[in-house]
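The residues making up each chain are set out below.
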Amino acid sequence: MNQVSFRDMANSVRALSMDAIHRAGSGHIGLPLGAADVATVLFTKFLKYDPGNPEWPDRDRFVLSAGHGSMLLYSLGHLAGYPEMSLDEIKRFRRFPSKAPGHPEYHPATGVEMTTGPLGQGFGMAVGLALSERMLRERFGPDLVDHFTYVLAGDGCLMEGISYEAAAFAGHLKLDRLIVLFDDNRISIDGPVSLATSENQGARFKACGWHWIAADGHDPDSIAAAIEEARQTPMPTIIGCRTTIGLGLPGIAGTAAAHGKPPTDDEIAGARTALNWTHPPFEIPEDIVNAWSKGGSKGHADFQSWSERLANSDVSLREEFNDWNNGDLPDGWRDKLADFKKSQIKKPPNEPTRQSSQSVLGVLTKSIPNLIGGSADLTPSNLSRPDNISAISCDDFSGRYVHYGVREHAMAAISNGIALHGGFLPYCATFLAFSDYCRPAIRLSALMNQKVIYLLTHDSITMGQDGPTHQSVEQFVALRAMPNLFFFRPADAVEVAECWELAVGLDIGPSALVMTREGVPPVRLEHHDENLSAQGAYELAEATGEAKVTILATGSEVWVALEARELLQGAGFPTRVVSMPCLELFENQPLSYRESLIDHGTLVVSLEAGTVVGWDRYVGPEGLIIGMHGFGESGLPEEVMRHFEITPEAVAERIQSHLETSVTKEDA
């Protein structure tokens, strides 16, 4: 085999990327050409990976936060030997079906650690990866947990606000295994980044507690020296790699035109000449392929050594490590929740569901040792920290609670990173109204089917005096509209336990657990061994006599529905009440079950102190939707509920009036 130069290896990344983008007729060519040297140094000299065991728990993680440069990642995956990133997949870049989509989509078998594309989200998730590594190393020791998280980020990632939150958090905790490679090409889509920012990134990150290193992004020795220095630094590091976007493209290298504009035939030919790449499209010489395969071979040896250490470790430690990484929950955790449900039936509490949630968390955290969580500086309000767990700090990572500060954007992304890493089951908490800050990360949770639990309290206009800025209205339908997300809104302590059980017990996918600020009366007064909430909806109270009304209610409006039922029945209108804690689970039930609950032979009424949007699919054209048609108001909860006519008396009156109006129309 001829001696293969570093330049040959880096140019093979460029060539594959050029060929795929040229064939697709679309894609972002600038980053793969500009950052290929940085990525090649990382993969050939530092990154610990084994393509044959892509989900090895102690592998280094590589995150392409600048997801628009996806062909860089796919080229690296193919050359590094990930079997599912074949040359045929590269040739189908941006086509369907292909494992090389326009932006990276979570698929470890192709070398893609997470879905990225919305700029800054990868940066935030990478902080979660690094936090998981540090917390697991605290528990299992460096023989089993000893790896780095590397991030390739661009100017756009650093401009997005989430990067500020995530960087400050990582610096505060001194996450020293986090290394960001900043592709400092100083170009954005509109033109030079100087059009929009004059920020000193080095000073910014130093202020956040990071180490800053400047490097020549086209000099392999400069890049390698910077990474080696970063690996020895007791804090997170960002390396400013000065690069030329679209390196080699004649006439447009170093300009905004190289960012995402598909290259012409002449530009591709000129780049091949500039790079001295004479091989046909999609053809990589065997000696270069073999040189790339050495990295994977070394990684396999590392994997085998690690496997031996795991096999020789203490039996109980090994079993726990494997259970945590496989996502296996310990025996008996459901039994503890069943005991909790029984206790709530014996002495039914009249309390906010957020308080019930804290009690359930106390049960779960005792039963599930790798359940960890945190809040965006709302712990006393969310009641997200049970008494039996301690908080982490930069000096002690043995705790299980995370103080995220006022950083909802980063908190949600970090939670995604924790879930992606494996080992922990994360939850995070804020107000439901502030879930809008979390939404981009929640959407990625759903896209990747990651098991993250979002605890969202202060769920409606009933939070009262803080006013409409803090009162959720449209968030109900906004989150329910998101594919793969389960939106739970329990009515009392028993339903809270059932909904937590469902969220924790899911095999995959995120959940939103929505809790009240205000106290709610108990509605479940008889014990059932089965989880009634598991079907998404169930009949809570049947009608006395032949039903004329069916009320569908969620959360804090279930007790309102029950009291309205009493008034209606007293007025001669037999009424059923159906509790609907999770519409997504209900939609998964057989049609026969759904039709048995929503009886359109009765007047079907929906009752929820959120937007009325979406309920028409359940009540039908003759039904009645009681809810919010606008934003809330500031006032005491009972004042606000009276104003918007969401009280037992007002609900019963509206239903009775609707029934009487319908009869009048029929008579006419």
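Residues numbered from 1 in each chain as written. Predicted model: local features only at pLDDT ≥ 70, side-chain atom pairs only at ≥ 80, totals over all residues. Heavy atoms only, no water.

A. Here's a closer look at the overall build of the chain. Helix and strand content of the chain: 26 helices and 18 strands. Rg of the C-alpha trace for the chain: 28 Å, near the compact-globule value of 26 Å for 668 residues, within the 12% margin. Along the longest, intermediate and shortest principal axes, the C-alpha atoms of the chain span 90 × 60 × 45 Å. In the chain, of all internal contacts separated by at least 6 residues, the share reaching a separation of at least 24 is 77%. Working note: accessible area of the chain is about 25,500 Å², and carbon and sulfur atoms make up 49% of it. (Helix = DSSP H or I, 4+ residues; strand = E, 2+ residues; numbered from the N terminus. Rg over C-alpha atoms; globule rule 2.2 N^0.38 Å. Contact = heavy atoms within 4.5 Å. Areas by Shrake-Rupley, 256 points an atom, 1.4 Å probe, with all protein chains shown as cover.)

B. Representation of the sheet that holds strand S5 (residues 237–242) in the model. Overall, parallel pairing links the 5 strands, which are arranged S1-S2-S3-S5-S4 in an open sheet. Sheet topology places strand S1 (61–64) and strand S4 (211–216) at the edges, where each strand pairs with a single neighbour. Put simply, the sheet's adjacent strands are angled 20° from each other on average, direction ignored. In the packing of helix H5 (residues 121–140) onto the sheet, the strands contacted are S1, strand S2 (149–153) and strand S3 (178–184), and the crossing angle to S2 comes to about 170°. (Pairing = 2+ DSSP bridges. Axes fitted to C-alpha atoms, helices over the stretch in contact; angles between N-to-C directions.)

C. Examining helix H9 (residues 220–231) more closely. In a regular helix each residue adds 1.5 Å, so 12 residues correspond to 16 Å; H9 covers 16 Å between its end C-alpha atoms and thus fits that length. Residues of H9 that are buried: Pro 220, Ile 223, Ala 224, Ala 226, Ile 227 and Ala 230. One side of H9 holds all its buried residues, which, seen down the axis, span an arc of 160°. Buried-residue contacts for H9 involve helix H1 (6–24), helix H2 (30–46), S2, S3, S4 and S5. Its side-chain oxygen at 3.0 Å from the backbone nitrogen of Asp 221, Asp 219 defines the N-terminal cap of H9. (Expected span 1.5 Å × (residues − 1). Buried < 20%, exposed > 50% of the residue type's maximum accessible area, 1.4 Å probe, protein only. Arc of directions from axis to C-beta. Polar contact = N/O pair within 3.5 Å; in protein donor to acceptor, adjacent residues only side chain to side chain.)

D. Spotlight on the pattern of salt bridges. According to the stated counting rule, one finds 24 salt bridges in the structure shown. Across the salt bridge formed by Asp 58 and Lys 48, the nearest N and O atoms sit 3.0 Å from each other. Placement of the pair is Asp 58 in the loop between H2 and S1 and Lys 48 in the loop between H2 and S1, with a sequence separation of 10 residues. On the basis of relative accessibility, which here comes to 1%, the residue Asp 58 falls in the buried class. Under the relative-accessibility criterion, Lys 48 is labelled buried at 16%. (Salt bridge = Lys/Arg side-chain N within 4 Å of Asp/Glu carboxyl O.)

E. Structural view of the sheet that holds strand S8 (residues 401–403). The 6 strands lie next to each other as S8-S7-S9-S10-S12-S11, forming an open sheet whose pairing is parallel. Both outer strands of the open sheet, S8 and strand S11 (486–488), are each paired with one neighbouring strand and no more. Between one strand and the next, the sheet's axes are offset by a mean angle of 20°, whatever the strand orientation. Bridge analysis of strand S9 (residues 425–431) against strand S10 (residues 453–457) gives 5 bridges, and the strand direction is parallel.

F. Main features of a negative patch on the surface. Taken together, the side chains of Asp 314, Glu 319, Glu 320, Asp 323, Asp 328 and Asp 331 define an acidic patch exposed on the protein surface. Position of Asp 323 among the secondary structure elements: in helix H13 (residues 315–326). You can call Asp 323 partly exposed: its relative accessible area is 35%. (Patch = residues over 30% accessible without salt bridge, like charges linked within 9 Å, V, L, I, M, F, W, Y side chains within 5 Å. Lys, Arg positive; Asp, Glu negative; His and termini not counted. Charge placed at Lys NZ, Arg CZ, Asp CG, Glu CD.)

G. Layout of the side chain of His 68. With respect to the helices and strands, the residue His 68 is situated in the loop between S1 and helix H3 (70–80). With near-sequence residues (within four places) excluded, His 68 lies in contact with His 28, Leu 31, His 103, Leu 119 and His 259.

H. Here's a closer look at the environment of Ser 75. With respect to the helices and strands, the residue Ser 75 is situated in helix H3. For the pair Ser 75 and Trp 277, spaced 202 residues apart in the sequence, the C-alpha separation amounts to 16 Å. If we skip the residues at most four places from it in the chain, Ser 75 touches Val 13, Leu 16, Ser 17 and Ile 90. Polar side-chain contacts of Ser 75 include one of 2.9 Å to the backbone oxygen of Met 71.

I. Structural view of the pairing of S4. In this sheet, S5 lies alongside S4 in parallel orientation, the contact comprising 6 bridges. Within S5, the residue paired with Ala 215 across the bridge is Cys 241. Between the parallel pair S4 and S5, the chain is carried across by H9, and the sense of this crossover is right-handed. (Right-handed = clockwise from strand over helix to strand, strands pointing away.)

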